[in-house]
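Residue-level listing of the chains:
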Amino acid sequence: MTSPDPALAGAFAATTYRVWLAGDVYDLHLGRGQPGFDAALAVLGVREWAVITACNPGARMLATDNAERTARLLSDSGFSVISGGGPGIMEAANKGAYFGKSPSIGLNIQLPREQSSNAYQDISQSFHHFFARKYMFVRFANAYVVMPGGFGTLDELLEALTLIQTGKSRRIPIILVHAPFWSGMIDWFRSTLVAEQVISPDDLDLIQVIDKPEEVVDAIFKHYETRGFEPLAGEREMLLNL
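Residues numbered from 1 in each chain as written. Predicted model: local features only at pLDDT ≥ 70, side-chain atom pairs only at ≥ 80, totals over all residues. Heavy atoms only, no water.

**Some words on the overall build of the chain**
Using the following cut-off: Counting from the N terminus, the helices are the DSSP runs of H or I reaching at least four residues and the strands are the DSSP runs of E reaching at least two. Categorising residues by exposure relies on relative accessible area from a 1.4 Å probe, with only protein chains included: less than 20% of the type maximum marks a residue as buried, more than 50% marks it as exposed, and the intermediate range marks it as partly exposed. Only heavy atoms matter for contacts: two residues are in contact if any of them lie within 4.5 Å across the pair. Note on areas: Shrake-Rupley, 1.4 Å probe, and residue coverage restricted to the protein chains presented here.
The helix and strand tally for the chain stands at nine helices and seven strands. The proportion of buried residues among the 242 residues of the chain is 51%. Considering only intrachain contacts with a sequence separation of at least 6, the fraction spanning at least 24 residues in the chain is 70%. When the accessible surface of the chain is totalled, it reaches about 11,300 Å², and 54% of it is carbon and sulfur.

Next comes the structure, spelled out in structure tokens:
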């Protein structure tokens, strides 16, 4: 099985500077003056990513501990962890990764209210437009771990599902955490969307519901154990055209 590069965490730990991205997605400034988001990732040795998406502080009681524990396990396994960069569950995800072995990344969004950047980020980027922020989530993700959230979380989840379902993006694990929160939606997918034949029954196989952090990490490794983490040739072409 090919796993994330063990040197990733060591390279990051040995780094004596902190990269900070400021401004909008089209106006990036990095610690060593190198242009572009990809350059920041290269500086940190970032190769494997797991996106943890969630909503505002109102959901913290449901899944904060799970988010922090899952992010820590992923970080210690060599995955950089991306969250929405805000408070609540997003902060918990960044905190878990921040104290792990791999970079903690926050992709924040400029909103009239509610969203503020949390302190547990090695790379922090602020976006004005949701579409650009969602692109960055999907473009670099090796897995989606979705905690309870509101419209924004659903938007990010359905974006990833749609891109994979339609062949616009490569297949990655999409894992929903906290089964009681998601069960009604999954039941509705099955009883209405599948029944009305607007999605295929096989489309439900794109989603896994897992509650234990250790099992989330195991499911991600299992997905890649026969193929490795790097995009295949056809997937690289797909991502270039995303």
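Having seen it, we continue.
**Thoughts on the pattern of salt bridges**
The test is simple: Whenever Lys or Arg places a side-chain nitrogen within 4 Å of a carboxyl oxygen from Asp or Glu, that contact is recorded as a salt bridge.
Evaluated as defined, the whole model comprises eight salt bridges. Residue R133 is joined to E156 by a salt bridge in which the shortest nitrogen-to-oxygen separation is 3.3 Å. A residue pair is termed long-range when its members are at least 10 positions apart, and R133 in helix α5 (residues 130-140) and E156 in helix α6 (residues 151-165) qualify at 23 residues. The two residues R133 and E156 agree in class, both being buried. Ionic pairing is found between R227 and E235, a salt bridge with its closest N-O pair at 2.7 Å. Bridged by salt links that share partners, the residues K134, D155 and E159 form one connected network.

**Some thoughts on the pairing of strand β4 (residues 123-127)**
Cut-off, in case you're wondering: Being paired, for any two strands, means DSSP has found at least two bridges between them.
Counting buried positions over the five residues of β4 gives four, a clear majority of the element. Pairing analysis gives five bridges linking strand β3 (residues 104-109) to β4, with the strands arranged parallel. Bridge pairing in β4 places G106 opposite S124.

**Comments concerning helix α4 (residues 89-98)**
Across the ten residues that make up α4, a large majority, seven, are buried. Along α4, the residues that are buried comprise I89, M90, A92, A93, N94, G96 and A97.

**What to know about the packing of α6 against helix α7 (residues 179-194)**
Going by this rule: Where helices are involved, their axes are fitted lines through C-alpha atoms of the stretch in contact, as for all axes, and angles between N-to-C directions lie from 0 to 180°. For classification purposes, an angle smaller than 35 degrees is called roughly parallel, one larger than 145 roughly antiparallel, one from 65 to 115 roughly perpendicular, and anything else oblique. By convention the crossing between two helices is left-handed if the near helix lies anticlockwise of the far one by an angle smaller than a right angle, and right-handed if it lies clockwise. Classes in brief: Ala, Val, Leu, Ile, Met, Phe, Trp, Tyr, Cys and Pro nonpolar; Asp, Glu, Lys and Arg charged; the others, Gly included, polar.
Following both chains from N to C, one finds α6 and α7 inclined at 45°, their axes separated by 14 Å at the closest point. Taken together, the axis directions place α6 and α7 in an arrangement best described as oblique. For the pair α6 and α7, the crossing hand works out as right-handed. For the pair formed by α6 and α7, the contact residues are T153, L154, L157 and L158 on the first element and W182, M185 and F189 on the second. Tallied by class, residues from the contact of α6 with α7 come to six nonpolar, one polar and no charged.

**Overview of the packing of α5 against α6**
Here α5 crosses α6 at 55°, and the two axes come no closer than 11 Å. Classed by the angle they form, the pair α5 and α6 counts as oblique. When the axes of α5 and α6 are compared, the crossing they make is right-handed. In contact with R133, K134, F137 and V138 of α5, α6 contributes D155, E156, E159 and L163.

**Description of the confidence of the model for the chain**
The condition that has to hold: pLDDT gives the predictor's per-residue confidence on a scale running from 0 to 100.
Looking at the chain as a whole, the pLDDT averages 79, with 74% of positions reaching at least 70. Note on residues 42-49: pLDDT under 50 across the span, and 34 contacts to partners over four residues away in sequence or across chains.

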